[in-house]
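The residues making up each chain are set out below.
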Amino acid sequence: MNYNKIFIKINKELSKTEDLGEVATYIPELGNVDSTKFGVHLTTINHKHYQFGDAEEKFSIQSIAKVLSLVLAYKQEGEKLWERVGVEPSGTSFNSLFQLEFNKGIPRNPLINSGALVISDILVSHLKNPKDDFIAFVRSISGNPNIDYCSRIAESEKITGHRNAALINLMKSFGNIKNDIDVVLDFYFNLCSIEMTCRELSQTFLFLADYGVNPFTKERVISISKSKRVNAIMQTCGFYDEAGEFTFKVGLPGKSGVGGGIVAILPKKYSIAVWSPRLNKKGNSSKGIKFLELFTTETEISIF
Ligand code: DON
């Protein structure tokens, strides 16, 4: 399939779209991004590459990194993981507090902030040098030794991260955080600060399109069963209170971040990353979702 041709066609169609929302500013550093940026990159499991626009420019992947921390924690902890975090869509915004008290400090799923904080706590418990070991893991699955955290973004979020502080304190009061709160928050803010280009992001997620096998080294990252479950969680929880709509419109497992990135996979076919910093009211990239909706409509292939 000539994906490049399809990218050009869709982009033409989307250039007429108005009201794309606003760039996230609650993390002040994210507000400095050029809101007109737009990139897309698709990598097939046979290593063919297709791209459009600003696909080679780094951006903050933010919550997309929660999938990678989930994968590593799931590898380390196994099924016991699900005693501390659920697998149900939350139907609430990514940083919501109110279900957490009702559920006695057990987050609904690992992709909302509370869930990702518990996952961070698990990794802090398991890893010798949590930040170094985690970035080494991301570099290995991306096949790229240059992927890194952005200290500017992590610091910026630390200063304004009061909601995450509230979430982690509430969970600590229920006994669902084992380590020092500041250490876990520092790990979490760094996790979210990782920068990638669309090309790097699509390559990093390719293992989830190939049932858990690293497409570069051919080594297994996670079992087929765990890969299925991670994809299922992306499908049902990857877009917070817009997860149903993303499934309805796009029909692929995916994950968004407030940096404006979205990654989605089609099993045994490809991984696609899009980036457009302006967000809709649910905190997901407006143009990114519209692009992917038109993409699966045009190609007539999704998981459904
Ligand atoms: O914790 C936060 O609020 C951010 N570091 C990540 C939020 C995020 O990316 C939500 N995604 N759409």
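K.L.:
Hey, could you run me through the packing of helix H5 (residues 130–142) against helix H8 (residues 181–193) in this one?
P.N.:
For any two helices packed against each other, one specifies the inter-axial angle together with the distance between the axes. Running from N to C, H5 and H8 point in directions that differ by 25°, and their axes come no closer than 10 Å. By the angle class used here, H5 and H8 are roughly parallel. Crossing angle aside, the handedness with which H5 passes H8 is right-handed. Between H5 and H8, the contacting residues are Pro130, Lys131 and Phe134 on the first element and Asp186, Phe187, Asn190 and Leu191 on the second. Considered class by class, the residues forming the contact of H5 with H8 number four nonpolar, one polar and two charged.

K.L.:
In this structure, what is going on with the site of the ligand? I would like to understand it.
P.N.:
Around the ligand sit 15 residues in total, of which Tyr26, Gln62, Ser63, Glu157 and Tyr188 are the nearest. At a separation of 3.0 Å, an oxygen atom of the ligand approaches a polar side-chain atom of Asn164. Between the ligand and Val258 there is a distance of 2.9 Å, counted from an oxygen atom to a backbone nitrogen or oxygen.

K.L.:
Is there a simple way to explain the state of the cysteines in this structure?
P.N.:
One way to say it: the disulfide is the covalent bond shared by the sulfur atoms of two cysteines. The tally for this structure, following the rule as stated, stands at zero disulfides. Cys150 provides the cysteine sulfur closest to Cys198, a residue in no disulfide bond, and the two sulfurs are 17 Å apart. For Cys198, a relative accessible area of 0% gives the class buried. Considering cysteine sulfurs only, Cys192 is the nearest to Cys237, which forms no disulfide, with 17 Å between them.

K.L.:
Looking at this model, I keep getting lost on the side chain of Asn113. Mind explaining?
P.N.:
Residue placement: Asn113 occurs in helix H4 (residues 113–126). Here the side chain of Asn113 touches Asn164 through a polar contact of 3.0 Å, side chain to side chain. Here Asn113 is in contact with Ser63, Lys66, Phe94, Asn95, Asn164, Leu167 and Tyr188, once residues within four sequence places are set aside.

K.L.:
Explain the pattern of salt bridges here, please?
P.N.:
Side chains that differ in sign of charge can pair as their charged atoms come close. One pass over the full model with this rule turns up 12 salt bridges. The residue Lys131 makes a salt bridge to Asp186 at a minimum N-O spacing of 2.7 Å. Of this pair, Lys131 sits in helix H5 while Asp186 sits in helix H8, and the two are 55 residues apart along the sequence. In this structure, the salt-bridge partner of Lys268 is Asp210, at a minimum N-O distance of 2.5 Å. Taken as a pair, Lys268 in the loop between strand S7 (261–266) and strand S8 (270–275) and Asp210 in the loop between helix H10 (206–209) and helix H11 (224–237) lie far apart in primary sequence, 58 residues in all.

Parameters at a glance
- Residues numbered from 1 in each chain as written.
- Predicted model: local features only at pLDDT ≥ 70, side-chain atom pairs only at ≥ 80, totals over all residues.
- Heavy atoms only, no water.
- Axes fitted to C-alpha atoms, helices over the stretch in contact; angles between N-to-C directions.
- Helix = DSSP H or I, 4+ residues; strand = E, 2+ residues; numbered from the N terminus.
- Parallel < 35°, antiparallel > 145°, perpendicular 65-115°, else oblique.
- Left-handed = near helix turned anticlockwise from the far one by under 90°.
- Contact = heavy atoms within 4.5 Å.
- Nonpolar A, V, L, I, M, F, W, Y, C, P; charged D, E, K, R; others polar.
- Near = heavy atom within 4 Å.
- Polar contact = N/O pair within 3.5 Å; in protein donor to acceptor, adjacent residues only side chain to side chain.
- Disulfide = S-S within 2.5 Å.
- Buried < 20%, exposed > 50% of the residue type's maximum accessible area, 1.4 Å probe, protein only.
- Salt bridge = Lys/Arg side-chain N within 4 Å of Asp/Glu carboxyl O.

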